[in-house]
Amino acid sequence: MDAHGRRRNPYELTEETPVYVISVAAQLSGLHPQTLRQYDRLGLVSPDRTAGRGRRYSARDIELLRQVQQLSQDEGINLAGIKRIIELENQVAALQSRVAELQSALEGAAAAMRQREAAVHASYRRDLVPYQEVQHTSALVVWRPKRQQSAD
């Protein structure tokens, strides 16, 4: 199943499909295969495994390897810091997905409520008028009849 709940074609390649062996992943990421093994041991980039325990990297893994390299080389962040950054980015992505899911559910509930409200309003008898309570004030109104003028 994909992110939208549809069945995915098992032969369809996506950015998460593990297809690259370690030598190809190393070449695509510009890193040495031993560096990829170290990153896997540290839990920075954990590729899928074949039945024979061989590593298979996806396009997303390759991008993550490049990101780790950039953070390490260009930004000077140590591997423990990079691991924490990746964990936090994954957590943010999961929370954003959950927020989108909840917003969708909320919009659906609001639409259903509007439909029920419209049905109730449509069922009102038209000869009835809604009652509104009169505001009570302490104002005093004095009525004086007009004096009638006499007709002489």
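Just above, that's the structure.
Residues numbered from 1 in each chain as written. Predicted model: local features only at pLDDT ≥ 70, side-chain atom pairs only at ≥ 80, totals over all residues. Heavy atoms only, no water.

Observations concerning the overall build of the chain
Here is step 1: Regarding its fold elements, the chain presents four helices and two strands.
Here is step 2: When its helices and strands are written in sequence order, the chain yields α-α-β-β-α-α.
Here is step 3: Here the chain holds 152 residues, and the buried ones make up 15% of them.
Here is step 4: Long-range contacts, defined as pairs at least 24 residues apart, comprise 49% of the intrachain contacts of the chain with a sequence gap of at least 6. (Helix = DSSP H or I, 4+ residues; strand = E, 2+ residues; numbered from the N terminus. Buried < 20%, exposed > 50% of the residue type's maximum accessible area, 1.4 Å probe, protein only. Contact = heavy atoms within 4.5 Å.)

Concerning helix α2 (residues 33–42)
Three- or four-residue spacings in an α-helix give side chains the same orientation, since the helix completes a turn every 3.6 residues.
Here is step 1: By the burial criterion, the buried members of α2 are Leu36, Tyr39 and Asp40. Viewed along the axis of α2, the buried residues span an arc of 100°, placing them on a single side of the element.
Here is step 2: Just past α2, the residue Gly43 takes up positive phi, approximately 80°. (Arc of directions from axis to C-beta.)

A look at the pattern of salt bridges
Here is step 1: Tallied over the full model, the rule gives seven salt bridges.
Here is step 2: Where Glu16 meets Arg60, a salt bridge forms, and the shortest distance between an N and an O atom there is 2.6 Å. Highlighted residues: Glu16 in the segment before α1 (22–29) and Arg60 in helix α3 (residues 59–73), separated in sequence by 44 residues.
Here is step 3: Relative accessible area serves as the criterion here: at 37%, Glu16 is assigned to the partly exposed category.
Here is step 4: Arg60 gets classed as partly exposed once you look at its relative accessible area, which sits at 42%.
Here is step 5: Of the charged contacts, one joins Glu63 and Arg66 as a salt bridge, the two residues approaching to 3.9 Å between their closest N and O atoms. (Salt bridge = Lys/Arg side-chain N within 4 Å of Asp/Glu carboxyl O.)

Remember that the coordinates give geometry; whether it matters functionally is a separate question.
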